[in-house]
Amino acid sequence: MNHSFRRQLKLWIGCAAVLPILAACATESSDGDRAGGTDPGDTQATAADRLDTDLSRIAVKLSASKSSLAAPEGVSVTVTLTNGANHPVRLLKWNTPVDGVNEPLFTVTRDGADVVYLGRHYKRPAPRAKDYVVLGAGESLTRTVDLAETYDLSETGNYTIHYRADAPYEVAEGETQVAELVSNDVGLFVEGRPSARAARKAAVTPHIGTTSYSGGCTSSEKSSLATALNGAASYATGALNYLNGTPGSKPRYTTWFGAYTSSRWSTAKTHYTKIKSAFDNEDFTLDCSCTDDYYAYVYPDEPYTVYLCNAFWDAPQTGTDSKAGTLVHETSHFTVTAGTDDHEYGQSACKSLAKSSPTQALDNADSHEYFAENNPAQN
């Protein structure tokens with residue numbers, strides 16, 4: 001995953017025309033949380049709720065209370081996002097630290113070398129109103145997060161940290177621009193400490209030769225997951241069979257991965273070869289403990305454990321955003337398969353991504369899922 005805000009951060013246009021309407025949209029709870037406000041519910045955000053805004057007016061400040069941290073100490077940094085515009089703005093929570101760090105929102109280096117993000121990679125549904133936070137004109141949102149929980153800080157050294165995100169915003173119907181949200185650098189001397197990854201791996205009970213279940217899966221859930229695994233294996237086989245055919249500018253390929261080139265076709269083929277091999281040959285651990293309102297998540301460097309969340313259980317076994325497709329999505333995240341990111345979610349956004357950036361489409365987990373699901377079917 002890169003450090004992008006490009007995952008369906010839609011900028012809101014409906015209320016900017018009239019100031020009284022704008023004020024109403026800024027304060028009404030159903031439009032999203034105020035910073036630290038109440039949960040507005042599950043309703044999906046619509047065009048009527050949109051706030052027209054230029055995210056280039058969002059300033060990001062990064063700070064730390066200490067410059068040197070011993071191994072037992074957390075590596076805490078404080079992020080403050082301030083709306084410098086003269087109107088409210090709406091930010092997708094997933095791409096802010098409002099609920100912690102669940103995306104690689106920070107660029108971290110140690111003595112000049114990149115530090116690996118060890119956090120979760122989710123499959124999420126389309127954004128709902130409650131997935132946004134609204135900042136009024138001049139208002140700030142501040143959160144303190146511990147980077148030791150999501151980045152590999154196992155080696156002692158001089159670390160440089162900054163927040164970076166690309167935030168697209170809608171300036172007119174169908175016209176999008178991108179603001180780059182970048183904080184100042186913060187330098188820290190950090191004494192190496194065991195990573196969160198090491199602790200998770202130590203807690204895993206090895207298993208050989210079979211699918212295992214954890215997190216209190218019920219009998220019916222296990223049965224559903226077994227069916228989903230078979231469906232995912234079938235999807236991976238179908239995708240690879242397609243890519244083993246004659247390469248070219250075929251609708252199914254170009255819809256999800258953009259303009260054809262032989263090298264990009266080869267990359268897709270390599271990805272599905274590894275994904276298919278995983279379903280055919282590897283032992284998956286399927287965990288039912290997640291209660292987030294998403295489909296699933298994985299830790300990319302911890303194959304082949306997949307955590308299933310609330311939206312997964314309501315999904316169909318096959319078809320668009322299915323159980324089987326979710327397992328393809330999550331398996332594509334593993335660094336030993338395709339190492340995909342989450343640049344965009346949803347069919348519409350993924351189709352647009354294929355047109356605007358085929359390279360990112362080939363690095364996008366939902367694009368891999370939709371190519372495999374092939375719904376509606378294309379040749």
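Here's a quick rundown of the structure. Only a predicted model underlies this, so the values are computations on that prediction, with no experimental measurement involved.

**Looking at the packing of aromatic side chains**
- If you walk through the whole model with that rule in mind, you get 22 aromatic pairs.
- Plain terms: the ring middles of Tyr117 and Tyr151 are 5.4 Å apart, the flat faces sit at 65 degrees to each other, and that makes the pair edge-to-face. Of this pair, Tyr117 sits in the loop between strand S7 (113-114) and strand S8 (121-123) while Tyr151 is found in the loop between strand S10 (140-146) and strand S11 (157-172), placing the two residues 34 residues apart along the sequence.
- Residue classification places Tyr117 among the buried residues on the basis of a relative accessible area of 13%.
- Seen in terms of ring centroids, Phe257 and Phe371 are 5.1 Å apart; in terms of plane orientation they differ by 35 degrees. Their pairing is tilted. Residue Phe257 is located in helix H4 (residues 251-257), and its partner Phe371 is located in helix H10 (residues 365-373); the two are separated by 114 residues in the primary sequence.
- Here Phe257 falls in the buried class, since its relative accessible area comes to 0%.
- Phe371 sits in the buried class, given a relative accessible area of 0%.

**Some words on the sheet that holds strand S15 (residues 285-287)**
- On the basis of which strands lie adjacent, the open sheet formed by five strands has the order S8-S16-S17-S15-S14 and mixed pairing. Where the open sheet ends on each side, the last strands, each with one partner, are S8 and strand S14 (212-214). Ignoring which end each strand starts from, the neighbouring axes of this sheet average 25 degrees apart.
- One ladder, built from three bridges, connects S14 with S15; its direction is parallel. Bridge pairing in S15 places Ser212 opposite Thr285.
- This element, helix H3 (residues 219-243), spans S14, S15 and strand S17 (305-308) of the sheet and lies at about 130 degrees to S14.
- Helix H7 (residues 323-333) contacts S8, S15, strand S16 (296-298) and S17 of the sheet and is inclined by roughly 165 degrees relative to S8.

**What about the pattern of salt bridges?**
- A complete count under the given rule lists 10 salt bridges for this structure.
- Of the charged contacts in the structure, one is a salt bridge between Glu73 and Lys66, with a shortest N-O distance of 2.4 Å.
- Overall, Glu73 belongs to the partly exposed group, its relative accessible area being 27%.
- One salt bridge connects Arg124 with Glu103, and the closest N-O pair in it is separated by 2.3 Å. Here Arg124 is found in the loop between S8 and strand S9 (132-135), whereas its partner Glu103 is found in the loop between strand S5 (89-92) and strand S6 (106-110), with 21 residues between them in sequence.

**Considering H7**
- With respect to burial, H7 is a largely interior element, 11 of its 11 residues being buried.
- Those residues of H7 not exposed but buried are Lys323, Ala324, Gly325, Thr326, Leu327, Val328, His329, Glu330, Thr331, Ser332 and His333.
- Two to three positions downstream of the cap, the backbone nitrogen of Gly325 sits 2.9 Å from a side-chain oxygen, assigning the N-cap of H7 to Ser322.

**Quick notes on the sheet that holds S10**
- Pairing within the open sheet is antiparallel, and its three strands lie in the order S2-S4-S10. Two strands close off the open sheet at either side, each with one partner strand: strand S2 (58-63) and S10. Pairwise comparison of adjacent strand axes, ignoring direction, gives a mean angle of 15 degrees for this sheet.
- One ladder, built from seven bridges, connects strand S4 (residues 76-83) with S10; its direction is antiparallel. Its bridge partner lying in S10, Leu81 is registered against Leu141.

**So, unusual backbone geometry**
- Cis geometry marks the peptide bond from Pro303 to Tyr304; its omega dihedral reads 0 degrees.
- Mapping Tyr304 onto the fold places it in the loop between S16 and S17.
- Omega for the peptide link from Asn375 to Pro376 comes to 0 degrees, which places this bond in the cis form.
- By the secondary structure assignment, Pro376 is in the segment after H10.
- The phi torsion at Asp321 lies on the positive side, around 50 degrees, for a residue other than glycine.
- Here Asp321 shows up in the loop between helix H6 (310-314) and H7.

**Describing the nonpolar core**
- If you look at the biggest cluster of nonpolar residues, it comprises 45 residues, and the most contacted ones within it are Tyr272, Phe279, Val306 and Leu327.
- In contact with Tyr272, not counting residues within four places along its chain, are Ala239, Leu240, Leu243, Phe257, Ser367, His368, Phe371 and Ala372.

**Re the pairing of S6**
- Counting buried residues in S6 gives five out of five residues, a clear majority hidden from the surface.
- The two faces of S6 match: Phe106, Val108 and Arg110 on one face and Thr107 and Thr109 on the other face are all buried.
- Inspection of the sheet shows S6 paired to S7 by two bridges, in the antiparallel sense. Bridging across to S7, Arg110 finds its partner in Ala113.

**Observations regarding the environment of Gly112**
- Mapped onto the elements of the fold, Gly112 is located in the loop between S6 and S7.
- Each C-alpha atom of the pair Gly112 and Gly157 lies 9.9 Å from the other, and the pair is 45 residues apart in sequence.

Conventions we followed
- Residues numbered from 1 in each chain as written.
- Predicted model: local features only at pLDDT ≥ 70, side-chain atom pairs only at ≥ 80, totals over all residues.
- Heavy atoms only, no water.
- Phe/Tyr/Trp six-rings, centres within 6.5 Å; stacked < 30°, edge-to-face > 60°.
- Helix = DSSP H or I, 4+ residues; strand = E, 2+ residues; numbered from the N terminus.
- Buried < 20%, exposed > 50% of the residue type's maximum accessible area, 1.4 Å probe, protein only.
- Pairing = 2+ DSSP bridges.
- Axes fitted to C-alpha atoms, helices over the stretch in contact; angles between N-to-C directions.
- Contact = heavy atoms within 4.5 Å.
- Salt bridge = Lys/Arg side-chain N within 4 Å of Asp/Glu carboxyl O.
- Polar contact = N/O pair within 3.5 Å; in protein donor to acceptor, adjacent residues only side chain to side chain.
- Core = buried A, V, L, I, M, F, W, Y, C linked by side-chain atoms within 4.5 Å.

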